Amino acid sequence: DAGITQSPRHKVTETGTPVTLRCHQTENHRYMYWYRQDPGHGLRLIHYSYGVKDTDKGEVSDGYSVSRSKTEDFLLTLESATSSQTSVYFCASANQGMANYGYTFGSGTRLTVV
Amino acid sequence: QQQVKQSPQSLIVQKGGISIINCAYENTAFDYFPWYQQFPGKGPALLIAIRPDVSEKKEGRFTISFNKSAKQFSLHIMDSQPGDSATYFCAASISGSGTYKYIFGTGTRLKVLA
């Protein structure tokens, strides 16, 4: 997981509150991704970024927004947390030309919405 | 058509045995197929990857077999060891898409008995 840090590692929040998860990479990678991991569903893409201020939706983007103001930082915001958003969230990064040679993943954030 | 179907969901193998995990896809535009290994509490890490121009790739005890006509690929772990106990994800992507998004399978939890 060297080069990507996620914060916080664990969080418990109440239904209806906004939550922001942070991803910071020191690899100078162009591409960044947010996935959620749930039993029986594997890893599903929430949002991704292909450059500073350039983002797009993934397959499960409803209820989430992202921002990327700097190459190294990619923020995921749950606008109004719901119990269905209880999950483990992973950030990943990749570089152009290297992107098809693997993502670098963070260690994950375990989010519980009560 | 964007799905990657992975089986089995879980697998128990004796030490020294062969572990086999299978994946199937529909989208013939996929042209990069990585496998990721994930230990508890950690992010996934790239294990081995293959492109459809080869039918097999081997790295140490890990081998990917690829059947382009059947649109299937599999991971074989030879001489399985307790340290191989982890969750394994297959994935697929389109290298020319410019986004390098991966579609992941649902994961296989492997347990190797000592």
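Preceding block: the structure.
Every chain's residues receive numbers from 1 upward, in the order its sequence appears when written. Each chain gets a letter, beginning with A, and each ligand a number, beginning with 1, in the order they are written. Only residues with pLDDT of at least 70 get local features here, since the model is predicted, and only at 80 or more are side-chain atom pairs given and counted; chain-wide, interface and lining totals rely on the full set of residues. Processing note: side-chain calculations cover all non-hydrogen atoms of the structure and skip hydrogens and water entirely.

(A) View of the packing of aromatic side chains. In this analysis, rings of Phe, Tyr and Trp, with Trp reduced to its six-membered ring, are considered paired at centre separations within 6.5 Å, and the interplanar angle assigns stacked below 30 degrees, edge-to-face beyond 60, and tilted for intermediate values. Going through the model one piece at a time under the given rule, you end up with 27 aromatic pairs over all chains. Relative to Phe104(B), the ring of Tyr35(A) lies with its centre 5.3 Å away and its plane at 90 degrees, an arrangement referred to as edge-to-face. Here Tyr35(A) is found in strand β4 (residues 31-38), whereas its partner Phe104(B) is found in strand β10 (residues 102-104) on a different chain. Here the two residues Tyr35(A) and Phe104(B) agree in accessibility, since each one is buried. Between Tyr48(A) and Tyr50(A) the ring centres are 6.3 Å apart and the planes differ by 45 degrees, which places this aromatic pair in the tilted class. Buried residues are those whose accessible area, probed at 1.4 Å on protein chains only, stays under 20% of the maximum for their type, while exposed residues exceed 50% and partly exposed ones sit between those limits. The buried category is assigned to Tyr48(A), whose relative accessible area is 4%. Residue classification places Tyr50(A) among the partly exposed positions, given a relative accessible area of 30%. By way of ring pairs, the aromatic residues Tyr33(A), Tyr35(A), Tyr48(A), Tyr50(A), Phe90(A), Tyr103(A), Phe105(A), Tyr32(B), Tyr36(B), Phe89(B), Tyr102(B) and Phe104(B) are connected into one cluster. The helix count covers DSSP runs of H or I at least four residues long, the strand count covers runs of E at least two residues long, and both are numbered beginning at the N terminus.

(B) Spotlight on the layout of surface pockets. Both site types are read off a 1 Å grid over the protein atoms alone. A 1.4 Å probe that fits but cannot get out defines a cavity, while an open set with protein on both sides within 12 Å along at least five of seven lines defines a pocket; lining residues have an atom within 4 Å of a point. Grid points are joined across faces, edges and corners, and a volume is the space filled by probe spheres set on the points. Its boundaries defined by the atoms lining it, the largest pocket holds a volume of some 720 Å³. Counting only elements with at least two residues in the lining of the largest pocket, the list comes to β4, β9 (87-94) and β11 (109-113) of chain A together with β9 (86-93) and β11 (108-113) of chain B. Polar here means any residue outside two lists: the nonpolar Ala, Val, Leu, Ile, Met, Phe, Trp, Tyr, Cys and Pro, and the charged Asp, Glu, Lys and Arg; Gly therefore counts as polar. Here the residues of the lining of the largest pocket sort into 9 nonpolar, 18 polar and 6 charged. Quantified by volume, the second largest pocket comes out at close to 310 Å³. Looking at the second largest pocket, it is lined by 16 residues, and the ones nearest its centre are Glu59(A), Gln2(B), Gln3(B), Ile103(B) and Phe104(B). Mapped onto the lining of the second largest pocket, the elements with two or more residues apiece are β5 (42-51) of chain A together with β1 (4-7) and β10 of chain B. Of the residues in the lining of the second largest pocket, the class split is 5 nonpolar, 7 polar and 4 charged.

(C) Expanded view of the interface of chain A and chain B. By definition in these notes, contact holds between two residues if any of their heavy atoms fall within 4.5 Å. Listed by partner, the interface residues are 23 residues for chain A and 20 residues for chain B. Carbon and sulfur atoms make up 52% of the surface buried where chain A meets chain B, a total of about 1800 Å² over both sides. Salt bridge criterion: a side-chain nitrogen from Lys or Arg within 4 Å of a carboxyl oxygen from Asp or Glu. Inspection of the region where chain A meets chain B yields 0 salt bridges. We define a polar contact as two N or O atoms separated by no more than 3.5 Å, with the added condition that, inside protein, one atom must be a possible hydrogen donor and the other a possible acceptor, whereas residues neighbouring each other in sequence contribute only through side-chain atom pairs. For the pair chain A and chain B, the number of links is 5 residue pairs in polar contact (both at pLDDT 80 or more). For the side of chain A that touches chain B, the secondary structure elements donating two or more residues are β4 and β5 of chain A. Among the residues forming the side of chain A that touches chain B, the class breakdown is 11 nonpolar, 10 polar and 2 charged. Using a 1.4 Å probe, buried area is obtained as the accessible area two parts lose upon being combined, added over both of them.

(D) Highlighting the pairing of strand β2 (residues 10-14) of chain B. Residues and elements named next belong to chain B. In β2, alternate side chains face the same way, and those of Leu-11 and Val-13 are buried while those of Ser-10, Ile-12 and Gln-14 on the opposite face are not. Pairing analysis gives 5 bridges linking β2 to β11, with the strands arranged parallel. By the bridge assignment, Gln-14 is partnered in β11 with Leu-113. Two strands make a pair as long as DSSP finds a minimum of two bridges between them.

(E) Inspection of the nonpolar core at higher detail. Residues belong to a common nonpolar core when they are buried Ala, Val, Leu, Ile, Met, Phe, Trp, Tyr or Cys residues joined through side-chain atoms within 4.5 Å. In terms of nonpolar packing, the biggest core is built from 25 residues, with Val4(B), Phe33(B), Trp35(B), Phe73(B), Leu75(B) and Tyr88(B) touching the most fellow members. With 4 residues, β9(B) is the single largest residue contributor to this core. For Phe33(B), the contacting residues outside a window of four places in its chain are Tyr25(B), Ile48(B), Ala49(B), Ile50(B), Pro52(B), Ile64(B), Phe66(B), Phe73(B), Ala91(B) and Ala92(B). By size, the runner-up hydrophobic cluster in this structure holds 20 residues, among which are Phe105(A), Tyr32(B), Tyr36(B) and Ala91(B).

(F) Molecular detail of the state of the cysteines. Residues and elements named next belong to chain A. Note on terminology: pairs of cysteine sulfur atoms within 2.5 Å are recorded as disulfides. Inspection of every chain in the model, using the stated rule, returns 2 disulfides over all chains. Bridging Cys-23 to Cys-91, the disulfide has an S-S length of 1.9 Å. In this structure the cystine formed by Cys-23 and Cys-91 twists about its S-S bond by roughly -75 degrees; its chirality is therefore left-handed. A residue pair is termed long-range when its members are at least 10 positions apart, and Cys-23 in strand β3 (residues 19-25) and Cys-91 in strand β9 qualify at 68 residues.

(G) Looking closely at a nonpolar patch on the surface. A patch consists of residues exposed above 30% relative accessible area that lack any salt bridge, with like charges linked at up to 9 Å and nonpolar side chains (Val, Leu, Ile, Met, Phe, Trp, Tyr) linked at up to 5 Å. Each accessible area is a Shrake-Rupley estimate made with a 1.4 Å probe; only the visible protein chains count as cover when residues are assessed. A cluster of nonpolar residues, Ile18(B), Ile20(B) and Met78(B), forms a patch on the protein surface that exposes about 240 Å² of accessible area. Within the element layout of this structure, Met78(B) appears in the loop between β8 (72-77) and β9.

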